[in-house]
Amino acid sequence: MSAPTVLALDGIRRTFSSGGRRVAAVAGVSLSLARGETLGVVGESGSGKSTLGRIAVGLERADAGKITVLGQQISTLTGAARRQQFGHCQMVFQDPYSSLNPRLTVARQVGESLVAQGRFTTDEIGDRVAALFEKVGLKPEQLNRYPHEFSGGQRQRVAIARALAPNPEIVVADEPVSALDVTIQAQILDLLADVQESEGLAYLFISHDIAVVAHLCRRIAVMHRGRVVEFGTTDDIVRDARHPYTQSLLDAVPRLGRRRTGARTPPTVFPSPSEAERMVMVTESHGVLVV
């Protein structure tokens, strides 16, 4: 029996003004995330993946499309009801230093969402924050320190604790290890996996590194210029990528084993946005946009 869908993005569009013209950061993306699943969204800088993540947690509004969280369509909600529903979605950002307030202790920042709910006593909030610190591998004596007193990996642990504080069902992790060195990356990825198992979380994992995504995720969506150009199981995409952009991402990571039918030259020219409009989607189990 398949797990229920906790997050659905349907036809999401977002455009920005740049140099006097409109640029589509997200151009009609549809994805769904099941409870307990890790879905990878991979693409280079400017592909639209981070904008999509911010839309998924309510930090940015879509110009068009529907967002459904735990069966409730967000567009039908306003004010407090909208904020409450988006509260089921939390985000871990790329740079843990810039995402934390340097003037507040980490304990206060982890507990902010609990204070905002107004349902807990000071002691209850303190107990919850202390338990979260233990869960992410930090020590009680570090509770009243400030962000600059932590290493980069420790700051990301604080950021993960803050995301977990309101008991979300969905966590959008936007490049959560790209600002860390390789040894610390592995520790944070292991932590995310352990937390997912213990809490039953669903992750929308955003990264430019297809090797990291392939290691963590059961399904992968490849984004390029605001569109999902290929979608399927990790095994299908790693072993038999069909879109030239996906092939170029894989060719940049030679350690990823996959079946090759011949030498491939990574493409240097990709469809322009206008050309992309003429693309058509084929197949559902291993979707790929074909020019």
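Look up: the structure comes first, before these words.
Residues numbered from 1 in each chain as written. Predicted model: local features only at pLDDT ≥ 70, side-chain atom pairs only at ≥ 80, totals over all residues. Heavy atoms only, no water.

Student: Account for the overall build of the chain, with residues named and values stated.
Tutor: In terms of regular secondary structure, the chain is built from 10 helices and 12 strands. Looking at the chain as a whole, 48% of its 291 residues qualify as buried. Within the chain, residue pairs in contact and separated by at least 24 positions form 66% of the contacts whose partners lie at least 6 positions apart. Element-wise, carbon and sulfur atoms account for 49% of the exposed surface of the chain, whose accessible area totals about 14600 Å². (Helix = DSSP H or I, 4+ residues; strand = E, 2+ residues; numbered from the N terminus. Buried < 20%, exposed > 50% of the residue type's maximum accessible area, 1.4 Å probe, protein only. Contact = heavy atoms within 4.5 Å. Areas by Shrake-Rupley, 256 points an atom, 1.4 Å probe, with all protein chains shown as cover.)

Student: So what's going on with helix 4 (residues 122-135)? Residues and values would help.
Tutor: Spanning 14 residues, helix 4 covers 20 Å between terminal C-alpha atoms, matching the ideal 20 Å at 1.5 Å per step. Among the residues of helix 4, Ile125, Val129, Leu132 and Phe133 are the ones counted as buried. Relative to the axis of helix 4, the buried residues are bounded by an arc of 105 degrees and lie together on one face. Those residues of helix 4 that are exposed and aimed more than 90 degrees away from the buried face are Asp123, Asp127 and Glu134. Tucked inside the fold, the buried residues of helix 4 contact helix 3 (106-117) and helix 5 (152-164). Of the residues flanking the end of helix 4, it is Gly137, one or two places downstream, whose phi is positive at about 85 degrees. (Expected span 1.5 Å × (residues − 1). Arc of directions from axis to C-beta.)

Student: Explain the layout of surface pockets residue by residue, including any values.
Tutor: Any empty space left between atoms is shown by rolling a water-sized probe over those atoms. The calculated volume of the largest pocket comes to roughly 840 Å³. Surrounding the largest pocket, 29 residues form its lining, Arg83, Phe86, Gly87, Cys89 and Gln90 being those nearest its centre. (1 Å grid on protein atoms, 1.4 Å probe; cavity = no way out; pocket = protein on both sides within 12 Å on 5 of 7 lines; lining within 4 Å. Points joined across faces, edges and corners; volume = space filled by probe spheres on them.)

Student: I'd love a proper account of the sheet that holds strand 1 (residues 5-18), names of residues and values included.
Tutor: Taken together, the four strands give an open sheet; going across it, the order is 2-1-4-5, and neighbouring strands pair in antiparallel fashion. Each having just a single partner strand, strand 2 (21-34) and strand 5 (72-73) make up the two edges of the open sheet. Summarising the sheet, strand 4 (residues 64-69) and strand 5 pair through two bridges and their orientation is antiparallel. Each bridged residue has a counterpart across the sheet, and for Val69 the counterpart in strand 5 is Gln72. Contacts from helix 1 (residues 49-56) reach strand 1, strand 2 and strand 4, with the element oriented near 125 degrees to strand 1. (Pairing = 2+ DSSP bridges. Axes fitted to C-alpha atoms, helices over the stretch in contact; angles between N-to-C directions.)

Student: Which residues make up the side chain of Gln142, and what values do they have?
Tutor: Inspection of the secondary structure puts Gln142 in the loop between helix 4 and helix 5. Setting aside chain neighbours within four positions, we find Gln142 in contact with Val106, Phe133, Phe150 and Gln154.

Student: Explain the environment of Ala163 residue by residue, including any values.
Tutor: Note on placement: Ala163 falls in helix 5. Relative accessible area serves as the criterion here: at 3%, Ala163 is assigned to the buried category. In this structure the C-alpha to C-alpha distance between Ala163 and Phe93, which are 70 residues apart in sequence, comes to 9.8 Å. Non-local contacts of Ala163, meaning those with residues more than four positions away in its chain, are made with Gln90, Met91, Val92 and Pro168.

Student: Any chance you could break down the packing of helix 3 against helix 4 for me, citing the residues and the numbers?
Tutor: Running from amino to carboxyl end, helix 3 crosses helix 4 at an angle of 120 degrees, the nearest separation of the two axes being 9 Å. Comparing the axis directions of helix 3 and helix 4 gives the class oblique. Remark: the crossing between helix 3 and helix 4 carries right-handed chirality. Packed against helix 3, whose contacting residues are Val106, Ala107, Val110, Gly111, Leu114 and Val115, the element helix 4 presents Ile125, Arg128, Val129, Leu132 and Phe133 at the interface. (Parallel < 35°, antiparallel > 145°, perpendicular 65-115°, else oblique. Left-handed = near helix turned anticlockwise from the far one by under 90°.)

Student: Any chance you could break down the packing of helix 5 against helix 6 (residues 182-199) for me, citing the residues and the numbers?
Tutor: Viewed as axis vectors pointing N to C, helix 5 and helix 6 meet at an angle of 20 degrees, and their least axial separation amounts to 10 Å. Classified by the angle between their axes, helix 5 and helix 6 sit roughly parallel to one another. Relative to helix 6, the crossing made by helix 5 is right-handed. From helix 5, Gly153, Gln156, Arg157, Ile160 and Leu164 reach across to helix 6, where they touch Ile184, Gln187, Ile188, Leu191, Leu192 and Val195.

Student: Describe unusual backbone geometry, with residues and values.
Tutor: With the exception of glycine, most residues fall at negative phi, and the peptide bonds are largely trans. Look at Asn167: it is not a glycine, yet its phi comes out positive at around 55 degrees. With respect to the helices and strands, Asn167 occurs in the loop between helix 5 and strand 7 (170-174). You will see that Arg225, though not glycine, has its phi angle at about 50 degrees, which is positive. With respect to the secondary-structure elements, Arg225 resides in the loop between strand 9 (219-224) and strand 10 (227-233).

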